[in-house]
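# Understanding the architecture of this molecule
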Amino acid sequence: MIKLKAALTTLALAGSIAAVSTPAMARDTINIVGSSTVYPFATVVAERFGRNTDFPTPKLESTGSGGGLKLFCEGVGTQHPDITNASRRMKKSEFDNCQANGVKEITEVRIGADGIVMANSKDAEKIDLSLEQVFLALAKDVPDPDGGDKLVANPYMNWSEIDSSLPDMEISVMGPPPTSGTRDAFVEIAMESGCKQFDMIAKMEDENEDKFKSVCHSMREDGPFIEAGENDNLIVQRLAQDPKTLGIFGYSFLMENTGQIQAATVNGVEPTPEAISSEEYPVARSLWFYIKKAHVGVVPGIPEYVAEFTSEGAWGDNGYLVDVGLIPNPRNERMKIAKAAKELKSMTGNEL
C-alpha cells in the first residue's frame, strides 16, 4: 500500500510538472489579442481564414497594444494568447519580460503602415493644425505664454487662444488610453515633435531625458483631453453627434467612416495613403503582430493564418486589406517579411 501510494504521488507530481511545462493543452482555436487599430485588419483576415480553410475562425480580442503584449508575454500555454497585434513596435522591456516568463521564441511581422489622424464631424469646420499647436492644446504643462523659461499648467481652453487663426471653440479632444499603441505612437510622434519646437524643452533631451519625456508625453487631465476606451467606434459616434469635438485614431477608422467624419490636415498635409507611406504626413506609424513560436504545432492553424495574412491577396498593393485602410509595405519589403514569417524567424532583441 505504501509503495502504491508513493507511486501514485510520483505519477501525480509528474503530471503536474507536465501540465506546467507543456506549451498548450486542448485548444483548437487561435487566440489573438492586442491593438484596436490592427483589430479590423486581423478580423478581416480571420474571417476569410475561417471561411476558406478547415480551421476555426480565430478568436480576437481588442485589448490595446500594451495590454496585448502584457498578456502575450505572461507565459506559454493555452491560457495565454498565441498572437498579439500592435500599432507600435514591441519595446525592449516587453521583449525582456517575455524572455523572463519563458516566451523565448517570438516572430515579428511588420504588417504595413497607418497614419494617426485627428478628425471631426463633417458638419464642422475642417481644421489645419501644426504639431506645435497640437502640443499646446493637449500637453499637461506648456511654456509660460507670458514669457520666461518656465513651464506652467496648460492654460489654453480655446483653440483661438493658441493661435488666432484657429476656431474660437473650446478644446475638446477624445483620445485613446495609455494601454493603446495609438496613444503611444501619438505622444511619441505628434506630441514629442510639437514639444521640440520650443528650445527650452528641446534642450532637456540632452540634459535630462526622463524629464523631457515626461513633459512631452504627459497629456492634460483638466478636461480638454478626454480619455476614451479602446473602442475607436465610440469616438466616431461622439464626433458625429458633437461637431465641437475632435478625435484621435488610426487612418483605417477614418476610411471606414468617411461619410461622418473628416481629417484635420497636420502641418498642411492631408492624411492620404501616399503621404502616410512616404512619411510626408507627420503622424505615420508601422503596424505589427507577434507570434508565439512555442504554440505552433500545438494550437492548429497558426502557420496557415500567418500565411494568409502575409499573402499578396491580403496585404499586397491590391489586397483586400487595402480596402479597409491598410497602407502596404513596399513589395520588396513584403517579400522579405513574408519569408521570415513563413520560416518563423525568431527575434534576438537586438532589433529593438
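Small disclaimer: the values here were computed from a predicted structure and weren't measured.

In the structure shown here, the tally under the stated rule is 5 aromatic pairs. Here F49 and Y305 contribute two aromatic rings whose centre-to-centre distance is 5.8 Å and whose plane-to-plane angle is 90°, an arrangement assigned as edge-to-face. Pair noted here: F49 is in helix α2 (residues 39–52) and Y305 is in helix α14 (residues 302–309), with a separation of 256 residues, a long-range link. The exposure class assigned to F49 is buried, which follows from its relative accessible area of 2%. A relative accessible area of 0% means that Y305 is categorised as buried. Ring geometry for F135 and F198: centres 6.0 Å apart, planes at 45°, overall tilted. Residue F135 is located in helix α5 (residues 131–138), and its partner F198 is located in the loop between α7 (181–195) and α8 (199–202); the two are separated by 63 residues in the primary sequence. An aromatic cluster is defined as three or more aromatic residues linked by ring pairs; in this entry it consists of F49, F55, F289, Y305 and F309. When the ring centre of Y320 is taken as reference, the NZ or CZ atom of R48 above it lies at 3.9 Å. Over the ring of F72 we find K292; its NZ or CZ atom is 4.7 Å from the centre of that ring.

All of the buried residues in helix α11 (residues 232–241) are D232, I235, V236 and L239. Relative to the axis of α11, the buried residues are bounded by an arc of 100° and lie together on one face. The inward-facing, buried residues of α11 contact β4 (106–121), β8 (173–175), β10 (246–250), α12 (251–256) and β11 (261–263).

The next subject is the domain arrangement of the protein. Segmenting the protein into domains produces domain 1 (31–113 + 286–347) and domain 2 (115–284). Put simply, the middle of domain 1 and the middle of domain 2, counted by C-alpha atoms, are 28 Å apart. Taken residue by residue, the interface counts 18 residues in domain 1 and 17 residues in domain 2. Summing the contributions of domain 1 and of domain 2, the shared interface buries around 1200 Å²; its carbon and sulfur component is 54%.

As a further point, take the state of the cysteines. Inspection of the entire model under this criterion finds 2 disulfides. Paired by a disulfide, C195 and C216 hold their sulfur atoms 2.1 Å apart. Here the S-S torsion is close to -75°, and the disulfide linking C195 with C216 is therefore left-handed. Placement of C195 in helix α7 and of C216 in helix α10 (residues 209–217) is noted, with a sequence separation of 21 residues between them. This pair shows no difference in class: C195 is buried, exactly as C216 is. With its disulfide-bonded cysteines labelled consecutively along the sequence, the protein is connected as 1-2, 3-4.

It is worth spelling out the side chain of H80 at this point. Tracing the backbone through its elements, the reader meets H80 in the loop between α3 (65–72) and β3 (83–86). Contact partners of H80, with chain neighbours within four places excluded, come to R27, L71, E74, G75, K292 and H295.

Counting residues in hydrophobic clusters, the biggest one holds 60 residues, and the most contacted among them are M118, L138, W159, F186 and I201. In terms of residue count, α7 provides more of this core than any other element does, 7 residues in total. Non-local contacts of L138, meaning those with residues more than four positions away in its chain, are made with M118, N154, I171, V173, F186, M191, S218, M219, R220, F225 and I248. If you look at the next biggest cluster of nonpolar residues, it comprises 29 residues, including V38, I291, I302 and L326.

Taken as a whole, this structure holds 1 cavity of 30 Å³ or more when the rule is applied. Put simply, the largest cavity is a space of about 40 Å³. In this structure, the largest cavity is lined by I116, V117, M118, L131, V134, F186, A190, V266, Y281 and V283. Breaking the lining of the largest cavity down by element, the ones donating at least two residues are β4, α5 and α7.

How each quantity is defined
- Residues numbered from 1 in each chain as written.
- Predicted model: local features only at pLDDT ≥ 70, side-chain atom pairs only at ≥ 80, totals over all residues.
- Heavy atoms only, no water.
- Phe/Tyr/Trp six-rings, centres within 6.5 Å; stacked < 30°, edge-to-face > 60°.
- Helix = DSSP H or I, 4+ residues; strand = E, 2+ residues; numbered from the N terminus.
- Buried < 20%, exposed > 50% of the residue type's maximum accessible area, 1.4 Å probe, protein only.
- Lys NZ or Arg CZ within 6 Å of the ring centre and 35° of its normal.
- Arc of directions from axis to C-beta.
- Contact = heavy atoms within 4.5 Å.
- Domains from an automatic or database assignment.
- Buried area = accessible area lost by both parts, 1.4 Å probe.
- Disulfide = S-S within 2.5 Å.
- Core = buried A, V, L, I, M, F, W, Y, C linked by side-chain atoms within 4.5 Å.
- 1 Å grid on protein atoms, 1.4 Å probe; cavity = no way out; pocket = protein on both sides within 12 Å on 5 of 7 lines; lining within 4 Å.
- Points joined across faces, edges and corners; volume = space filled by probe spheres on them.

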